[in-house]
Amino acid sequence: MAEGTIAGHGSLRSTRFALTKFRPPALPGTLITRSVLHDRLAAGSGQRLTVVVGSAGAGKSVLLADWAAARPPGVTAWLSCDRADADPVRFWAGFIEAPRAIEPGFGADAADLLTMDRKMSADVTASVANDAARLPAGSVIIVDDFHFAAAAAAPDMTDLVERWPAETVQLVLAGRFDPSLRQHRLRMSGQLCEIRDRDLYFSLDESRDLLANFSVRISDADLALLHQRSEGWPAVLQMAALSLRGTTDPARLARVLEVRGHAIAAYFISEVLDQQPPEMAQFMLDTSILVGC
């Protein structure tokens, strides 16, 4: 995997990131575009914070990557968090680097301060907020898998959100659980856009469309039963589609429909994911639908 060092003015020369950290994941060929959720995300423009919170396999990363791809070019920055971002200096170095996809000079002063102090400070926060205010109107910064960094970064992120230039740039944080960012205050003041599990799970029609994208067609009654037992969980539906693709074996369909509750994830991992070639399994993980199932 290629790696890059934060470059240009205000560099943290000891900090290196994979270039893919600043790119959305590849979109699957079986993608179901969630137009309603795209509109919900777009409606977060002008609000101080947008959060996308959902369980593993709910399709957060794919939704955001699809939305980013549909936006005008040159006004979207992406940061994918991982376990290394539990180090707050590393996380904030990445956060400063990400908007350079929009404005190459972003965060030069903030990076210099972070280099000198090796910690976040009120001065770094103010510098990042000031530079964000100078980004092109309609810009978006997306931080995916923020749960990896939340414990260490939440206090400073809370301060940054309070100073965020919402009229210019939309800040989107996605993760598996709510970060401690005083969302109740933002919610009460109408400054919080929220998308959660109940929004991410597929409708019956979306479930049908996903199966069709895998060339799987089942009866309306069987589809309704699969949707009910999966509760519209995108990861489970995708695994069901993989299990059923290319077969008309009624016994296999019966086994799929018999699986209930949390056992469905273990069943499909054994039945489908473990049976894939390594490159296919890796692709499924990279598209983030199946991570953590």
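Conventions used here
Residues numbered from 1 in each chain as written. Predicted model: local features only at pLDDT ≥ 70, side-chain atom pairs only at ≥ 80, totals over all residues. Heavy atoms only, no water. Helix = DSSP H or I, 4+ residues; strand = E, 2+ residues; numbered from the N terminus. Buried < 20%, exposed > 50% of the residue type's maximum accessible area, 1.4 Å probe, protein only. Contact = heavy atoms within 4.5 Å. Areas by Shrake-Rupley, 256 points an atom, 1.4 Å probe, with all protein chains shown as cover. Pairing = 2+ DSSP bridges. Axes fitted to C-alpha atoms, helices over the stretch in contact; angles between N-to-C directions. 1 Å grid on protein atoms, 1.4 Å probe; cavity = no way out; pocket = protein on both sides within 12 Å on 5 of 7 lines; lining within 4 Å. Points joined across faces, edges and corners; volume = space filled by probe spheres on them. Nonpolar A, V, L, I, M, F, W, Y, C, P; charged D, E, K, R; others polar. Salt bridge = Lys/Arg side-chain N within 4 Å of Asp/Glu carboxyl O.

In this section: the overall build of the chain. Along the chain, the regular secondary structure elements total 14 helices and seven strands. Counting across all 293 residues of the chain, residues that qualify as buried make up 53%. Of all intrachain contacts in the chain linking residues separated by at least 6 positions in sequence, the fraction that spans at least 24 positions is 76%. Put simply, the chain shows about 13,300 Å² of open surface, and 52% of that area lies on carbon and sulfur atoms.

Strand order in the open sheet formed by five strands is β4-β5-β6-β3-β7, and the pairing between neighbours is parallel. Of all strands in the sheet, those with a lone pairing partner are β4 (76–80) and β7 (192–196), marking the two edges. Between one strand axis and the next, the sheet turns by 15 degrees as a mean value, whatever way the strands run. Taken together, the four bridges between strand β3 (residues 49–53) and strand β6 (residues 169–175) define a ladder with parallel strand orientation. Of the residues in β6, the one forming a bridge with V52 is A174. Its contacts with the sheet place helix α2 (residues 60–70) against β3, β4, β5 (139–144) and β6, and it is angled at close to 160 degrees to β5.

Right, let's get into empty space enclosed by the protein. Applying the stated criterion to the full structure yields two cavities of 30 Å³ or more. V51, V53, F146, H147, L173, A174, G175, F177 and P179 are the residues that line the second largest cavity. Elements represented by at least two residues in the lining of the second largest cavity include exactly β3 and β6. Partitioning the lining of the second largest cavity into residue classes produces seven nonpolar, two polar and no charged.

It is worth spelling out the environment of P179 at this point. Structurally, P179 is set in the loop between β6 and α7 (183–188). Taking relative accessible area as the criterion, P179 reaches 8% and is therefore assigned buried. Separated by 26 residues in sequence, P179 and A153 place their C-alpha atoms 9.4 Å apart. Every residue in contact with P179, bar those within four places of it in the chain, is listed here: F146 and A150.

A separate point is the pattern of salt bridges. Within the structure shown, the criterion is met by 13 salt bridges. Across the salt bridge formed by R134 and D131, the nearest N and O atoms sit 2.4 Å from each other. For R134, a relative accessible area of 61% gives the class exposed. The class for D131 is buried, based on a relative accessible area of 13%. For E194, the salt bridge is made with R187, and the minimal N-O distance between the two is 2.9 Å.

This part covers unusual backbone geometry. Located in the positive-phi region is R182, a residue other than glycine, with phi close to 55 degrees. Note on placement: R182 falls in the loop between β6 and α7. What makes R182 partly exposed here is its relative accessible area of 39%. With a phi close to 60 degrees, S215 is a non-glycine residue in the positive phi region. What makes S215 exposed here is its relative accessible area of 56%.

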